[in-house]
Amino acid sequence: MLLRLALSIKDKKLEAQIEKKLDEISDLQIRKFGRGNGVWQSMVRSCADIFLISDAIIPKPVESGLAVLNNLPEKPMTIVINAKDSSEDQAQLLAAGADAVLYSGISIVSLIEAMETILESRRQFNLMDRYDRKGRLKPSLNDFVSDSHQMQIFMEEVHQVVTSNSTLLILGETGVGKEHLARAIHAEGPRSNGPFIAVNTAGLPEQLLETELFGHEQGAFTGAIRARRGAFELAHGGTIFLDEIGDMPLHLQTKLLRVLQDYEIVTIGGEEPVWVDVRVIAATNKDLEMEIEQGRFRRDLFYRISVVSMTIPSLCRRREDIPALIRNFISYYRKRIGREVAGISDEAVSLMSRYDWPGNVRELMNVIERAMLLCRGHIITSENLPEGILNAGAGKISLLKSISANRNEFIEPYKIDESDFKTNCCEESSIKKEQFLSSQERADKNYLADNKSPMPENFLVDCSSWESKTLPEVTTDVLMQVEKRYINMVLKKSCGRVGKAAEMAGIHQRGLFNKMKQFGIRKEDFKN
Ligand SMILES: Nc1ncnc2c1ncn2[C@@H]1O[C@H](COP(=O)(O)OP(=O)(O)OP(=O)(O)O)[C@@H](O)[C@H]1O
């Protein structure tokens, strides 16, 4: 973070000397306010970390003047340069709230030494303030479980860029952990002692976003009563994370491009460019190539931010990672919510391994938290999972239940063979829906398409493809066909009234809706 120092010393010569010396400190930004009318008001609103001021600048009574500074939200430090070498004056100023009082007659070397100590203590204050307030788990690269081949390759790439300073573009679906990864890269890289500042570029109106990124001066626009620092300034010495960069307005993209060319920012209403030392990590779940084609994203900015670009694989493309992620989240929430949950049943893990996780790791995390809150015993079971997950694996789980029940391992903590659950990724499964329908499924589909009514009740299970399948696969297929046929039957009987059909089926209406969605069954096809 850049430290802001507001400077106003009565003795011009001394001020020039101090400025010259302090100017060499790379994380310090000096703002001179002069000595005329209105100086005090401007200084108070300058959002400074440190005030270095002559006693003569402080409005009388001194106690009230210093109290104004001490009550500012940024809790600045105040160093008063006193014209008299008087211990009485010094004591009075300290009692009034000054953090340090220095006699203007001391050598410039001693004065700068004192300032350096004060600056260091301010750096520490900023650091502690940041970590204390957030107090959250520090993300680590170890969080990115890589049991899957995709993730192993991905993490190899990540390790290569951790120590570099280059701009990084992280791509991936929502909830895959783009921000988590950016935080982990920052935490494990050479900038870990500096700040990590995240800005969501999609969440704010354009003017607010501009202020958020670059800061503004007092009076820069109506309502700018005080100056405000931007994220680039706050991120000095560390990393700025620009989330949802694909949604950034074009005008700000132009401004951002300029910043990325020379790393100089100009606050809104400001004149002097300020150099910032930041690593930029950007992220988006948008297809930037497409955005460029549609004229919504600047190609030159894309080249600038994608010096290194990496895509976090979605969870459904790396199902082998799911069991280990589940374990990690159980131990995380065990500490966080204080529930004595020891593990998870095989059945629950297998159901979760089959689900497509459109919300990715974020969704998985939420499901585990919810399950731990609902769990009555020491083991999470399928009963603690949301309906969407149960329905996604409905056909398959019946089989698993019977296998597991036979092996008497149904409610034991997780120790399932993960290779059992290496299923298709969601893209493949959606292709399968279209391309790999069994002849019976195709017949059912055609029948529905032609007749817009339920399939005949005497439909038979197609066994022509059994030879190429395992018993679990066949059982799953058959169960799904039976379910489908049953749902068609109850919907036919209820003339497409889902509530009535659910009652007949003895399941919840929402559950029936989910299954209808899964099988592509429409209630309209059953209305008279
Ligand atoms: N590998 C992981 N280990 C632990 N927690 C993770 C992991 N990946 C993601 N998370 C957690 O999941 C949640 C979502 O992650 P994050 O916000 O980083 O995703 P994102 O890809 O940036 O999402 P979005 O595109 O919606 O902004 C966060 O609470 C994050 O801490």
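Residues numbered from 1 in each chain as written. Predicted model: local features only at pLDDT ≥ 70, side-chain atom pairs only at ≥ 80, totals over all residues. Heavy atoms only, no water.

A.B. asks: Please clarify how the overall build of the protein should be interpreted in this entry.
C.D. replies: When you go through the protein residue by residue, the secondary structure sums to 22 helices and 16 strands. By the burial criterion, 47% of the 528 residues in the protein qualify as buried. Within the protein, contacts between residues separated by at least 24 positions form 72% of all contacts whose residues are at least 6 apart in sequence. When the accessible surface of the protein is split by element, carbon and sulfur atoms take 51% of a total near 26500 Å². (Helix = DSSP H or I, 4+ residues; strand = E, 2+ residues; numbered from the N terminus. Buried < 20%, exposed > 50% of the residue type's maximum accessible area, 1.4 Å probe, protein only. Contact = heavy atoms within 4.5 Å. Areas by Shrake-Rupley, 256 points an atom, 1.4 Å probe, with all protein chains shown as cover.)

A.B. asks: Teacher, can you tell me more about the nonpolar core here?
C.D. replies: Ranked by size, the top nonpolar core spans 32 residues in total, and within it Phe232, Ile240, Leu242 and Ile305 carry the most contacts. No other element matches helix H10 (residues 250-262), which puts five residues into this core. If we ignore the near neighbours within four places in the chain, the residues touching Ile240 are Ile197, Val199, Ala231, Phe232, Ala235, Val278, Arg279, Val280 and Ile281. Counting 27 residues, the second largest nonpolar core, distinct from the first, contains Val145, Tyr333, Val349 and Tyr355. (Core = buried A, V, L, I, M, F, W, Y, C linked by side-chain atoms within 4.5 Å.)

A.B. asks: Looking at this structure, how should I read the side chain of Arg122?
C.D. replies: Looking at the secondary structure, you find Arg122 in helix H5 (residues 108-134). Residue class for Arg122 comes out buried when judged on its relative accessible area of 2%.

A.B. asks: Help me out: how do you make sense of the sheet that holds strand E14 (residues 308-311) in this one?
C.D. replies: Backbone-to-backbone hydrogen bonds pair the strands of a sheet. The strands run either parallel or antiparallel. A sheet is described by the order of its strands in space; here five strands give the open sequence E7-E10-E13-E6-E14, paired in parallel fashion. Unpaired on one side and paired on the other, strand E7 (196-200) and E14 mark the two borders of the sheet. Ignoring which end each strand starts from, the neighbouring axes of this sheet average 20 degrees apart. Here helix H6 (residues 149-161) sits on the sheet and contacts strand E6 (168-171), strand E13 (279-284) and E14; the angle it forms with E14, its principal contact strand, is near 150 degrees. (Pairing = 2+ DSSP bridges. Axes fitted to C-alpha atoms, helices over the stretch in contact; angles between N-to-C directions.)

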